[in-house]
Amino acid sequence: MRFMILVKANAESEAGVMPSHELLEAMGKFNDEMIKAGVMLAGDGLHPSSRGARVRFEGRKRQVIDGPFAETKELLAGFWLIQVRSLDEAIEWVKRAPMGEGAELEIRRVFEMEDFADVMSEDLRKQEDRQRAELASRP
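So, a few notes on the structure that sits alongside this text. (Residues numbered from 1 in each chain as written. Predicted model: local features only at pLDDT ≥ 70, side-chain atom pairs only at ≥ 80, totals over all residues. Heavy atoms only, no water.)

### Details of the side chain of Glu 128
The condition is simple: What counts as a helix is a DSSP run of H or I of at least four residues, what counts as a strand is a run of E of at least two, and both are numbered from the N terminus. Summary of the burial criterion: residues with accessible area below 20% of their type's maximum are buried, those above 50% are exposed, and those between are partly exposed, where the area comes from a 1.4 Å probe applied to protein chains only. Residues adjacent in sequence count toward polar contacts only when both atoms are side-chain atoms; beyond that, a polar contact is any pair of N or O atoms within 3.5 Å, and within protein one must be able to donate a hydrogen and the other to accept it.
Considering the arrangement of structural elements, one finds Glu 128 in helix H4 (residues 122–137). For Glu 128, a relative accessible area of 16% puts it in the buried group. Separated by 2.5 Å, the side chains of Glu 128 and Arg 132 make a polar contact.

### Points about the sheet that holds strand S1 (residues 2–8)
Heads up, the rule is: Strand pairing is assigned whenever DSSP detects at least two bridges linking the two strands. Note on definitions: angles span 0 to 180 degrees between N-to-C directions of axes, and those axes are lines fitted to C-alpha atoms, for helices only across the stretch in contact.
Taken in spatial order, the four strands of this open sheet run S2-S5-S1-S6, and their pairing is antiparallel. Taken across any chain shown, the strands that pair with only one partner, and hence form the sheet edges, are strand S2 (40–45) and strand S6 (105–109). Neighbour to neighbour, the strand axes of the sheet diverge by 15° on average, direction disregarded. Bridge analysis of S2 against strand S5 (residues 76–83) gives five bridges, and the strand direction is antiparallel.

### Side note on the pattern of salt bridges
Put simply, the rule reads: Salt bridge criterion: a side-chain nitrogen from Lys or Arg within 4 Å of a carboxyl oxygen from Asp or Glu.
All told, the structure shown has nine salt bridges when counted by the stated rule. With a closest N to O distance of 2.9 Å, Glu 112 and Arg 2 form a salt bridge. With Glu 112 in the loop between S6 and H4 and Arg 2 in strand S1, this pair connects stretches of sequence that are 110 residues apart. Comparing Glu 112 with Arg 2, the two get one shared label, buried. Arg 130 is the partner of Glu 134 in a salt bridge, and the nearest nitrogen-oxygen pair spans 3.8 Å. Of this pair, Glu 134 and Arg 130 are both found in helix H4, four residues apart, which corresponds to roughly one turn of the helix. Its relative accessible area of 38% is what places Glu 134 among the partly exposed residues.

### Points about the environment of Asp 115
With respect to the helices, strands and loops of the structure, Asp 115 is situated in the loop between S6 and H4. Given a relative accessible area of 41%, Asp 115 falls into the partly exposed group. Among the polar contacts made by the side chain of Asp 115, one reaches the main-chain amide nitrogen of Glu 112 at a distance of 2.8 Å.

### Regarding the side chain of Glu 89
Cut-off, in case you're wondering: Here a residue-residue contact requires only that any non-hydrogen atoms of the pair lie within 4.5 Å.
Relative to the assigned elements, Glu 89 resides in helix H3 (residues 87–95). Beyond its immediate chain neighbours, meaning those up to four positions away, Glu 89 contacts Val 39 and Val 84.

### So, the nonpolar core
The following threshold applies: Residue types Ala, Val, Leu, Ile, Met, Phe, Trp, Tyr and Cys, when buried and joined through side-chain atoms within 4.5 Å, form a set referred to as a nonpolar core.
In terms of nonpolar packing, the biggest core is built from 19 residues, with Phe 30, Met 34, Trp 80, Ile 82 and Val 84 touching the most fellow members. Of all the secondary-structure elements, those providing two or more residues to this core are S1, helix H2 (21–36), S5 and H3.

What follows is the structure, encoded as structure tokens:
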């Protein structure tokens, strides 16, 4: 099972305050542990919302909304993508993350194609297989 670990933003991350050397070092060690255990698939931090945008869809209209966005509690500062056997195993990894006081991480299971078996046609399955193969072949 794949899980997305969402790192919630806070006032410091939204202000563009960079993590300390010590935190980066601890995060690097934690990432190394997950890589060596074979569970980490990806992970990165995100720039503040002031450097991003949202696109709102209303019928055929597309409205672009430039950041920053006011509600920090709804924003993300980073993520990990991991592959483990269960939600419990994901939770055990997340408990070990070197996060600062008051940090909050959210764990969400990623859909797999098998989850769509009832509505997945053979053509859609072939398209999905082709797309995954193309992504995997990129450097």
